[in-house]
Amino acid sequence: MSDAVEKLSKNVSIDSMEDSYRAESPKSRAYFERCSMTMPGGAKGAYFYAPYPLTMERGEGCYLFDLDGRKFIDFAGHHTTQILGHNHPAVIQAIEKQMKQGIALGAHAGVEAEIAETMCHRVKSLDRIRFCNSGTEATLHAIRLARGFSGRPKIAKFEGGYHGSHDAVEVSVAPPLEKAGPATAPVSVSGAGGASPHATEEVVILPYHDEDSVKRLLNENRDELACVIFDPKAGIMNLDKDFVQFVREITKELDILLIFDEIVGFRVSWGGLQEIYSLSPDLTTFGKLVGGGFPVGAFGGRADIMNLFDNTSGPTGFFQSGTFSAHPLAMVAGLATLEQLTPEAFNRLNGLGERLYTGLRKLFRDRGVDAQVVGLGTVFSIYFTDKEAVNYRNIATADTAITHSVFHALLQQGYFLSHNLSMNSLSLALDESHVDGLIEAMGQAVNEVF
Ligand code: PMP
């Protein structure tokens with residue numbers, strides 16, 4: 001902590017913030033207690049923040065309204081999916097039309113081709129694409145396909161990279177530093193109780209931004225490696241373009257497939273993150289906004305690999321099934337979302353992003369707060385640490401108590417961000433006044449927390 005901040009008195013404790021939170025959200029509290037009777041931890045999924053999470057009754061544009069009738073400006077965007085804001089008329093119209101035609105028909109619904117063509121048109125490395133129901137499914141199928149195509153058993157992923165919740169990738173996502181081994185040769189640490197004991201043996205862990213170690217680890221394992229799955233952490237970690245391109249070059253050189261995970265990153269530009277990095281991966285995974293707010297995943301890439309799923313001339317031995325794959329509502333909502341995301345829309349979003357990230361960085365600098373603001377396009381993260389956000393271990397030094405207090409201080413002022421202040425996002429429903437308001441609210445949060 002810098003001297004300037006040490007001089008500021010910490011005038012609002014987290015206990016009193018949580019007391020006000022309880023006083024102002026009794027209905028959310030009661031609802032959470034009710035959920036806890038039937039759902040472990042009271043949570044609908046993994047997300048929890050103390051003392052209990054808010055229940056949001058309604059969303060409209062950039063606003064969320066909780067059960068207690070309070071209004072929040074949404075900078076979380078349902079884990080980055082809601083890039084148009086909530087209930088955009090184009091999305092509502094598309095799903096209403098589809099609902100009248102049929103919700104699930106057990107056949108092509110005539111709505112799949114257009115979004116598939118749109119994705120293949122926008123993302124240059126996509127010759128073919130398949131849809132599924134979540135990002136987790138997308139990475140599961142892409143990895144399985146890479147193993148089958150290459151005939152090799154192992155995969156490599158980056159330390160701190162997240163690719164969903166199946167065994168192969170719930171490894172070294174957030175390993176405790178004391179278990180993580182040397183920075184140049186990270187140990188493969190399982191993060192999921194009950195995962196196959198073989199999962200960790202099959203995953204080689206790579207450090208971000210360390211070309212020498214990546215080169216050595218890939219060379220050591222090259223005969224066994226089917227793929228490198230790469231979470232580029234758009235707006236979550238500052239990744240050098242040179243490093244991203246190095247990962248493409250070395251995997252090509254060693255004949256290892258590269259799977260680029262754009263489940264979050266696709267939202268940063270018209271042609272996806274790979275457009276920004278001038279990159280052509282072998283396979284790419286998608287999710288989130290591609291379903292316009294409905295459950296979705298997608299993966300695609302080189303025709304010679306993807307065509308293993310083509311069983312029309314006899315069994316290839318490769319399958320990707322799923323009762324709800326390419327669900328008509330997700331397809332039409334996703335297409336309606338993509339249609340709004342024109343190059344002009346991205347210019348506007350990028351402008352809002354720059355305004356926010358510049359403003360936050362200036363604020364923290366002026367107030368002497370050790371904070372890292374990572375921002376790329378519409379995704380941003382804030383870490384309270386003096387270490388640059390360039391690898392997992394640096395980010396892991398962020399102060400969680402300060403983060404929690406700042407999150408509550410912002411909520412108190414009507415700003416809803418991701419509870420760990422990482423992977424926040426902007427939507428087209430926001431304007432400059434909301435962005436300036438968040439910077440001002442952060443100034444007040446700094447007054448209260450430090
Ligand atoms: N990959 C990345 C980069 C993600 O951020 C996520 C989800 N946050 C996933 C994969 C998994 O997607 P899903 O939650 O839809 O399974």
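What counts as what
Residues numbered from 1 in each chain as written. Predicted model: local features only at pLDDT ≥ 70, side-chain atom pairs only at ≥ 80, totals over all residues. Heavy atoms only, no water. Pairing = 2+ DSSP bridges. Helix = DSSP H or I, 4+ residues; strand = E, 2+ residues; numbered from the N terminus. Phe/Tyr/Trp six-rings, centres within 6.5 Å; stacked < 30°, edge-to-face > 60°. Buried < 20%, exposed > 50% of the residue type's maximum accessible area, 1.4 Å probe, protein only. Lys NZ or Arg CZ within 6 Å of the ring centre and 35° of its normal. Expected span 1.5 Å × (residues − 1). Contact = heavy atoms within 4.5 Å. Domains from an automatic or database assignment. Buried area = accessible area lost by both parts, 1.4 Å probe. Axes fitted to C-alpha atoms, helices over the stretch in contact; angles between N-to-C directions. Salt bridge = Lys/Arg side-chain N within 4 Å of Asp/Glu carboxyl O. pLDDT = per-residue confidence, 0-100.

Looking at the sheet that holds strand β13 (residues 415-416)
Each strand in a sheet pairs with another by means of backbone hydrogen bonds, the pair being arranged parallel or else antiparallel.
Now for step 1: Reading across the sheet, the four strands line up as β1-β2-β3-β13 and stay open at both edges, with mixed pairing between neighbours. Either end of the sheet is taken by a strand with one partner, and the two such strands are β1 (56-60) and β13.
Now for step 2: Inspection of the sheet shows β1 paired to strand β2 (residues 63-66) by four bridges, in the antiparallel sense. Following the sheet pairing, Met56 is matched in β2 by Asp66.

A look at the packing of aromatic side chains
Any two aromatic rings considered together are summarised by their centre-to-centre distance and by the angle between their planes.
Now for step 1: Within the structure shown, the criterion is met by 18 aromatic pairs.
Now for step 2: Pairing Phe243 with Phe246 gives two aromatic rings, centres 5.9 Å apart and planes at 35°, and the pair type is tilted. You can see Phe243 and its partner Phe246 sitting in helix α9 (residues 241-253), three residues apart, about one turn around the helix.
Now for step 3: For Phe246, a relative accessible area of 10% gives the class buried.
Now for step 4: Each residue in the set Phe158, Tyr208, Phe230, Phe243, Phe246 and Phe260 is aromatic and connected to the rest through ring pairs, giving one cluster.
Now for step 5: One residue, Arg58, lies across the ring of Phe65, its end atom 4.1 Å from the ring centre.
Now for step 6: The positively charged end of Lys71 is found above the aromatic ring belonging to Tyr63, 4.2 Å away from the centroid.

Here's the deal with α9
Now for step 1: Here α9 spans 18 Å end to end across 13 residues, near enough to the 18 Å set by a 1.5 Å rise per residue.
Now for step 2: Among all positions in α9, only Phe243, Val244, Phe246, Val247, Arg248, Ile250 and Thr251 are buried.
Now for step 3: Against β5 (154-158), α8 (211-221), β7 (225-230) and β8 (257-261) lie the buried residues of α9.
Now for step 4: Remark: Asp255 follows α9 within two positions and exhibits a positive phi of approximately 60°.

Remarks on the pairing of strand β9 (residues 283-287)
Now for step 1: Counting buried positions along β9 yields five of five residues, so the element is predominantly enclosed.
Now for step 2: Side chains Leu283, Thr285 and Gly287 of β9 all project onto a buried face; the interleaved residues Thr284 and Phe286 project onto the opposite face, where all are buried too.
Now for step 3: Pairing between β8 and β9: three bridges, direction parallel. Of the residues in β9, the one forming a bridge with Ile259 is Leu283.
Now for step 4: With five bridges joining them, β9 and strand β10 (residues 297-301) adopt antiparallel strand pairing. Looking at the pairing, Phe286 lines up with Ala298 of β10.

Focus: helix α16 (residues 432-449)
Now for step 1: Given a rise of 1.5 Å per residue, 18 residues ought to cover 26 Å, and the 25 Å separating the end C-alpha atoms of α16 matches this to within 8%.
Now for step 2: The set of residues buried in α16 consists of His434, Val435, Gly437, Leu438, Ile439, Ala441, Met442, Gly443, Ala445, Val446, Glu448 and Val449.

A few points about the domain arrangement of the protein
Now for step 1: Split into domains, the protein comes out as domain 1 (2-74 + 342-449) and domain 2 (89-340).
Now for step 2: Distance between the C-alpha centres of domain 1 and domain 2: 27 Å.
Now for step 3: The partner domain 2 presents 29 residues to the 26 residues of domain 1 that form the contact.
Now for step 4: Together domain 1 and domain 2 conceal approximately 2,100 Å² of surface at their shared face, both sides included; 58% is due to carbon and sulfur atoms.

Describing the sheet that holds strand β11 (residues 372-376)
Now for step 1: Spatial strand order, β11-β12-β14: three strands in an open sheet with antiparallel pairing. Sheet topology places β11 and β14 (424-425) at the edges, where each strand pairs with a single neighbour.
Now for step 2: Alignment of β11 against strand β12 (residues 379-383), held across five bridges, turns out to be antiparallel. Bridged to Gln372 within β12 is Tyr383.
Now for step 3: Of the strands in this sheet, β11 and β12 touch helix α13 (residues 343-367), which is tilted by about 170° from β11.

Details of the pattern of salt bridges
Now for step 1: On inspection of all chains with the given rule, the structure shows 17 salt bridges.
Now for step 2: Across the pair Asp436 and Arg355 runs a salt bridge, and its minimum N-O distance is 2.7 Å. Of this pair, Asp436 sits in helix α16 while Arg355 sits in helix α13, and the two are 81 residues apart along the sequence.
Now for step 3: Overlapping salt bridges bring together Arg248, Asp282, Arg302 and Asp304 as one network.

With respect to the confidence of the model for the protein
Any residue range with low pLDDT should be treated as having predicted coordinates unsuitable for detailed reading.
Now for step 1: Summary statistics for the protein give a mean pLDDT of 96 and a share of 98% for residues scoring 70 or more.
Now for step 2: The element-level mean pLDDT for the protein is lowest in helix α1 (residues 3-7), coming to 42, with β9 highest at 99.
Now for step 3: Of the regions scoring below 50 in pLDDT, residues 1-9 engages in 16 contacts with residues more than four places distant in sequence or in other chains.

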